[in-house]
Amino acid sequence: MILALPIKLNKSILYKYLFYKHFYRFIFLHKPLCSRYKDFTLQIFGLYICRSCFFLYLGFFISLILTLIAIKDVTFNKYFFLGFAGMLLTFFISYPPIYARFSRITKDFIRFYDGIFLAALFIICFKLGLFIGITSICAFFIMKHIYNKKRSGKNICKGCDKLQTNKTCEGYVKQQEALLKIEEEYSNIIMEWVNKGRIKYD
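Keep in mind it's a predicted model, so treat the numbers as computed, not measured.

Scoring rules and cut-offs
Residues numbered from 1 in each chain as written. Predicted model: local features only at pLDDT ≥ 70, side-chain atom pairs only at ≥ 80, totals over all residues. Heavy atoms only, no water. Helix = DSSP H or I, 4+ residues; strand = E, 2+ residues; numbered from the N terminus. Contact = heavy atoms within 4.5 Å. Areas by Shrake-Rupley, 256 points an atom, 1.4 Å probe, with all protein chains shown as cover. pLDDT = per-residue confidence, 0-100. Buried < 20%, exposed > 50% of the residue type's maximum accessible area, 1.4 Å probe, protein only. Phe/Tyr/Trp six-rings, centres within 6.5 Å; stacked < 30°, edge-to-face > 60°. Lys NZ or Arg CZ within 6 Å of the ring centre and 35° of its normal.

## Some thoughts on the overall build of the chain
Part 1: Helices and strands together make up the secondary structure of the chain, namely seven helices and two strands.
Part 2: When the helices and strands of the chain are placed in sequence order, the string is α-β-β-α-α-α-α-α-α.
Part 3: For the chain, the share of sequence-separated contacts (at least 6 apart) that also reach a separation of at least 24 residues comes to 63%.
Part 4: A total accessible area of about 14,100 Å² is found for the chain, and carbon and sulfur atoms account for 66% of it.

## Regarding the confidence of the model for the chain
Part 1: Overall, the predicted model of the chain reaches an average pLDDT of 83, with 87% of residues at or above 70.
Part 2: Put simply, helix α3 (residues 78-93) is where the chain has its lowest mean pLDDT, 78, and strand β2 (residues 47-50) is where it has its highest, 92.
Part 3: In the model, residues 1-5 has pLDDT below 50 throughout and makes nine contacts with residues more than four positions away in sequence or in other chains.

## Some details on the side chain of threonine 90
Part 1: One can find threonine 90 in helix α3.
Part 2: Look at threonine 90 and you get buried, because its relative accessible area is 3%.
Part 3: Setting aside anything within four residues of it in sequence, one finds threonine 90 in contact with Tyr113, Asp114 and Phe117.

## Some details on the packing of aromatic side chains
Part 1: Per the counting criterion, the structure on display carries 15 aromatic pairs.
Part 2: Centre to centre, the rings of phenylalanine 54 and phenylalanine 55 are 5.3 Å apart; their planes meet at 85°, and the pair counts as edge-to-face.
Part 3: Geometrically, the ring pair formed by phenylalanine 140 and phenylalanine 141 is edge-to-face, given 5.3 Å between the ring centres and 70° between the ring planes.
Part 4: Classification of phenylalanine 140 by relative accessible area gives partly exposed; the value is 25%.
Part 5: In this arrangement the basic side chain of arginine 104 is found over the ring face of phenylalanine 40, its NZ or CZ atom lying 5.2 Å from the centre.

Have a look at this one:
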């Protein structure tokens, strides 16, 4: 079935299929799987998941469901302004240079707290009006972009003594093995297609 498509498209689809087949366990991972960052990752049903993202989305979806059920109309009362104050607090403590100072357990709570207030914020904004709702989402992505610039992603391995060795870091060994399986299986399938005359080798 796949061979009925243009050759370049066939190869692209095949590679993406093999990528997710062998690499799916790592697509929700943001840190190396080494001892230095062992507390930053959870393993759930074989998947390696960023711990912060897990608690963020857990809080988000719980809040999303409860807020949709509980909030019928937006009333500008003390609870509204209390929630608004909570939202400002979560933006403040989630600022990367500040967030990095907290312990791992506190970070889990902060991310869960972030998810709760983000979901509530979006729902309230959309209940106030479509334009306000869309504006809230745009504002979130702008803030996310600003926060991402403050994260130390490029320096994630800074100071690690294993950088001086010529071996693959322990944090990327499993990912390397998965990538090698992708390349091996991809090459085998392409050569099989070539040998059967279904495509020309290029």
